[in-house]
Structure formats: C-alpha cells, structure tokens
Amino acid sequence: MINDQCLMINNHSIMSNASQFLSLVNSPLKFRLFLLAKLPSAFFCGVRVRSADEEKCVVTVPFKWLSQNPFRSTYFACLAMAAEMSTGVLAMAHIYKRNPAVSMLVLDVKGNFIKKATGKTRFTCEDGSLIRQSIEEAFGTGDGRIVTARSAGRNESGEVVAEFTITWSFKVKPNSN
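Source: prediction; values computed, not measured. (Residues numbered from 1 in each chain as written. Predicted model: local features only at pLDDT ≥ 70, side-chain atom pairs only at ≥ 80, totals over all residues. Heavy atoms only, no water.)

A. Expanded view of the pattern of salt bridges. Across all of its chains, the model carries seven salt bridges by this definition. The partner of glutamate 136 in a salt bridge is arginine 98, and the shortest N-O contact between them spans 2.9 Å. Residue glutamate 136 is found in helix α5 (residues 128–141), and its partner arginine 98 is found in the loop between α4 (76–95) and β3 (102–113); the two are separated by 38 residues along the sequence. The class of glutamate 136 is partly exposed, set by a relative accessible area of 29%. (Salt bridge = Lys/Arg side-chain N within 4 Å of Asp/Glu carboxyl O. Helix = DSSP H or I, 4+ residues; strand = E, 2+ residues; numbered from the N terminus. Buried < 20%, exposed > 50% of the residue type's maximum accessible area, 1.4 Å probe, protein only.)

B. Main features of a nonpolar patch on the surface. On the surface, Leu29, Leu33, Leu36, Phe44, Trp65 and Leu66 cluster together into a nonpolar patch covering about 690 Å² of accessible area. Top element by residues in the nonpolar patch is helix α2 (residues 28–38). It accounts for three residues. On the secondary structure map, leucine 29 appears in helix α2. Note on leucine 29: relative accessible area 62%, which makes it exposed. (Patch = residues over 30% accessible without salt bridge, like charges linked within 9 Å, V, L, I, M, F, W, Y side chains within 5 Å. Areas by Shrake-Rupley, 256 points an atom, 1.4 Å probe, with all protein chains shown as cover.)

Written out as structure tokens, the structure is:
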C-alpha cells in the first residue's frame, strides 16, 4: 500500500511537471523568448508551437524569405526543424524537472518529401504516450532507451507534404548528490 501511494505521488509529480512545461510551451511569448535565446534559427525562420499536450504537439513553419530555398518552396532544413520540434517538445515535457535528470539526444532523422511546401506547413506528432513509456522504462531499468517518433507535415489544404521520423535516446543521469 505504501508503495502504491509513493507511486501515485510520484506519478502526480510527473504529471504536474509535464503540465508546468506545457504551460510554458503553450504561452506564445514565453516560448518565443525561449526560441530566441536557445534556438535562434527556429525563431527567425518562424517555427512556432501551435498546441501541445502530453500526447500531441503541433508545430508550424511558414514559407517566407528566411525559410525559403531557391526553388520557391520551404527549405528542407526548416521543415526538419519543425518536425523535430513537434517530437522534442513531447520528450521535454516528460523529462521536465525529473529527478534524477534525463538526457535526451537525437540519434537519427529521416525525411520523406512528398509535395512542394509553398505555404504554412503544420507538423503533428501524436507519439506522446510512446515517448513517455520509453522514458519510464529508462527510469525503471536504469538503461538508456531509444524511441522513434513520427511527425507528418501538412499544407493548408491538409495534404501531406513531408513525413519525418526522429529517433531519440533517453538516459537517466546518475545522481550527483
């Protein structure tokens, strides 16, 4: 019974940490300041989180002068940036303020470009549960875990323009107390 209560308290703590992080991400001003300070290329290219919860994240990137290529479409690296952010926000939500801390690292990025991106592209990742499960397994075993998340980019007509898979590694850092 005591273990169940501790687990419940611990799970509640995890949920409130994720909720705290997601409230920062869903605040346009706070997240734009974060981008400007930590990911200035994403800030200047116009990458923006439109919505995020523990299961799903939606990120947009516009077609504009700073995100264009010479072929009058969005540069592939800007599309990849938005796709990666849609998966990374979910991962960061699930490791935010964890004790011990968790390191996360992109191991692989694969992109499939289906149609020319000539307007705003909306990337959606719905792998929050898969990411959370992988992180929890890393905590449970003490071993690193790898997860591959999928993000699909759609144009304003709803057509898929690009699909990405981002492979993440999660490792629990040793306590340095």
